[in-house]
Structures are given as C-alpha cells and as structure tokens.
Amino acid sequence: MRKKVIAGNWKMNMDLHQSQKLVSEIISGLGKDNKTEVIVCPPFTSLGEVSSLLKGTQVKLGAQNMYYEEGGAYTAEISADMLKSVGCEYIILGHSERRVIFSESDELINKKVKTALSKGLKPIFCIGELLEQRESGETIKVISAQIEKGLEGITAEQMKNIIIAYEPVWAIGTGKTATPEQAQEVHLFIRELTAKKFSSSVAEKIIIQYGGSVKPDNSGELLSQKDIDGALVGGACLKADSFLSIIASA
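The present account deals with the structure reproduced in this document.

Conventions and cut-offs
Residues numbered from 1 in each chain as written. Predicted model: local features only at pLDDT ≥ 70, side-chain atom pairs only at ≥ 80, totals over all residues. Heavy atoms only, no water. Helix = DSSP H or I, 4+ residues; strand = E, 2+ residues; numbered from the N terminus. Rg over C-alpha atoms; globule rule 2.2 N^0.38 Å. Buried < 20%, exposed > 50% of the residue type's maximum accessible area, 1.4 Å probe, protein only. Areas by Shrake-Rupley, 256 points an atom, 1.4 Å probe, with all protein chains shown as cover. Lys, Arg positive; Asp, Glu negative; His and termini not counted. Charge placed at Lys NZ, Arg CZ, Asp CG, Glu CD. Pairing = 2+ DSSP bridges. Right-handed = clockwise from strand over helix to strand, strands pointing away. Salt bridge = Lys/Arg side-chain N within 4 Å of Asp/Glu carboxyl O. Contact = heavy atoms within 4.5 Å. Phe/Tyr/Trp six-rings, centres within 6.5 Å; stacked < 30°, edge-to-face > 60°. Lys NZ or Arg CZ within 6 Å of the ring centre and 35° of its normal.

**Notes on the overall build of the protein chain**
Across its full length, the protein chain holds 11 helices and eight strands. For a compact globule of 250 residues, the expected C-alpha radius of gyration is about 18 Å, and the protein chain comes in at 17 Å, within 12% of that figure. The proportion of buried residues among the 250 residues of the protein chain is 52%. Summing over all exposed atoms, the protein chain offers an accessible surface of approximately 11,500 Å²; the carbon and sulfur share of this is 52%. Across the protein chain, 29 positive and 31 negative side-chain charges occur, with their mean positions spaced 4 Å apart.

Okay, structure coming up:
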C-alpha cells in the first residue's frame, strides 16, 4: 500500500506572522495519530521560522522552487544547499505557474531535478496540460513529453525520492476540477508510462499526487481513486481547517 501524501503549496501568500499562525494551527489540528505524510511549502521568507516550528512534529518542510547552480552571480535565486540549511526536505519543481508565467522549459526543470536529488532534496515534480491541449485531445502527448524530458537521465533508484504531481493547468485556481474519473485515467497512464521508462517496481511504489482546485468537498472522492496517492493543494491549504479536512479525507 502506498501512503497518502498531502502537500500545501502556499505560493506567494503569507507573511512571516501569518505563516507562524497557519503552521501552528496545522500542527495543533493534526494531533499525533496522523498516518498521512504532510508537507508544507511556505514562501522563502518564512522557511526558517516554519522549520523551527515544525521541529519534533511529523510535518515535513518543502520549498516552492530553486535554481540548479550551487551558487554564484544569480541574483534573487535560491540554491539547494540554502534550502537544506533551513530544514527543507522537499522541493516543488516544474509547477505550471513556473512553466507558463516564467517560461521554464522541460530542460531547465530537468537540471533542477538532478541538482535537487544530488543534494538530498526530494522533488515534487509537476506535470499537466493546458485547457486547449485537453480540448484538442493532446493530454497524453503533453504528459508523455514532460515526463520524458523532465526526467531524462534519472535512474530507477533516484525515482524512489521523487513524487509526481499531476495538475491539469485548466483546473488550477479556476474552480474547475478534473472529475475523479478524468484524474484517475491520467494517473493510471502516468503509472504505466513510469513502468515502461523505469520498471514496474518503480511504478508500483511511486507517489502520484493530484493538484488542481482540491478542496474539502472533493478531496475524498479524488483520493479514493486507485492511482491517486495524495494531493498538491493550493488555495485550500491557506486556511488550517480546510487543509486539515483534506488531510483527514486521505
């Protein structure tokens, strides 16, 4: 049985004080008997303080992005070592907002994935199609290309430390959600493609999250699908009660 993994992507929200309040409420609400792996991904400015608050808890810390170089003249970028130094275990890479708004290519994301793994960070590797790609029947083609290019040169052994997050771009922040059946269909394809690219063992064990307007009222049905192993939550993770409800539904 694969464990359920729920990650909260805070995006460009929450100042330091708001971050302290939110993470404290999440920790308090979880209790000690939670069986689901929980990850919070605050903005860079809150990572250090949130890391301190998470010590001694089951909640893991992730960051929302990083650069692939170790250091140097890369103004405003953040390195893997910097993230490790404040306690990060996970790193979101290839999020659709990075791909669409900031024009990150599969090749760039691949470099980031390789650097993250070499530094001991676990990538949450995001893939997903645009609305026009979905409507023109290109979902499988897009997903295949993103996996082939984004995970080029990655070994079966390294895949043990990668989470794949399928996030249909048309369902992010729009209020639209892929039906459980639509999501399951793509998750199954991703698992089958992973088996072909790496091995059936890797495919059976890899965590594949769904991301795209996940809320308390739809999370239970989504997370009950055979090949959906968790959720990458956006807006609904910014309030402790809704995030805790999603975790409970897992």
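Resuming the write-up.
**Focus: the pairing of strand 3 (residues 60-63)**
Pairing of strand 2 (residues 37-41) with strand 3 involves two bridges; the strand directions are parallel. From the neighbouring strand, Val40 faces strand 3, where its bridge partner is Leu61. Where the polypeptide runs from strand 2 across helix 2 (residues 47-54) and back to strand 3, its parallel neighbour, the crossover connection is right-handed. Here strand 3 pairs with strand 4 (residues 90-93) via two bridges, running parallel. Its bridge partner being in strand 4, Gly62 is matched across the sheet by Tyr90. Crossover handedness for the path strand 3 to helix 3 (residues 80-85) to strand 4: right-handed.

**Digging into the pattern of salt bridges**
Scanning all chains against the criterion turns up 18 salt bridges. Glu97 is paired through a salt bridge with Lys11; the nearest N and O atoms lie 2.7 Å apart. Of the two residues, Glu97 is situated in helix 4 (residues 96-100) and Lys11 in the loop between strand 1 (5-9) and helix 1 (16-30); the sequence distance between them amounts to 86 residues. A relative accessible area of 26% places Glu97 in the partly exposed class. Put simply, Lys160 and Glu157 hold a salt bridge, and the shortest N to O gap is 3.1 Å. You can call Lys160 exposed: its relative accessible area is 61%. For Glu157, a relative accessible area of 52% gives the class exposed.

**With respect to the side chain of Glu167**
Mapped onto the elements, Glu167 comes out in the loop between strand 6 (163-166) and helix 8 (180-197). Arg99 provides the closest opposite charge to the buried, unpaired Glu167, separated from it by 5.9 Å. Once residues lying within four places of it in the same chain are set aside, the contact partners of Glu167 are Gly94, His95, Ser96, Cys126, Ile127, Gly128, Glu129, Ile172, Gly211 and Leu232.

**Some details on the packing of aromatic side chains**
Evaluation of the coordinates by the stated rule reveals three aromatic pairs. Ring geometry for Tyr67 and Tyr68: centres 4.6 Å apart, planes at 40°, overall tilted. On the basis of relative accessibility, which here comes to 17%, the residue Tyr67 falls in the buried class. Centre to centre, the rings of Tyr67 and Tyr74 are 5.1 Å apart; their planes meet at 50°, and the pair counts as tilted. Classification of Tyr74 by relative accessible area gives partly exposed; the value is 33%. Within the aromatic cluster, the residues linked to one another by ring pairs are Tyr67, Tyr68 and Tyr74. Sitting over the ring of Phe102, Arg98 keeps its end group 4.0 Å from the ring centre.

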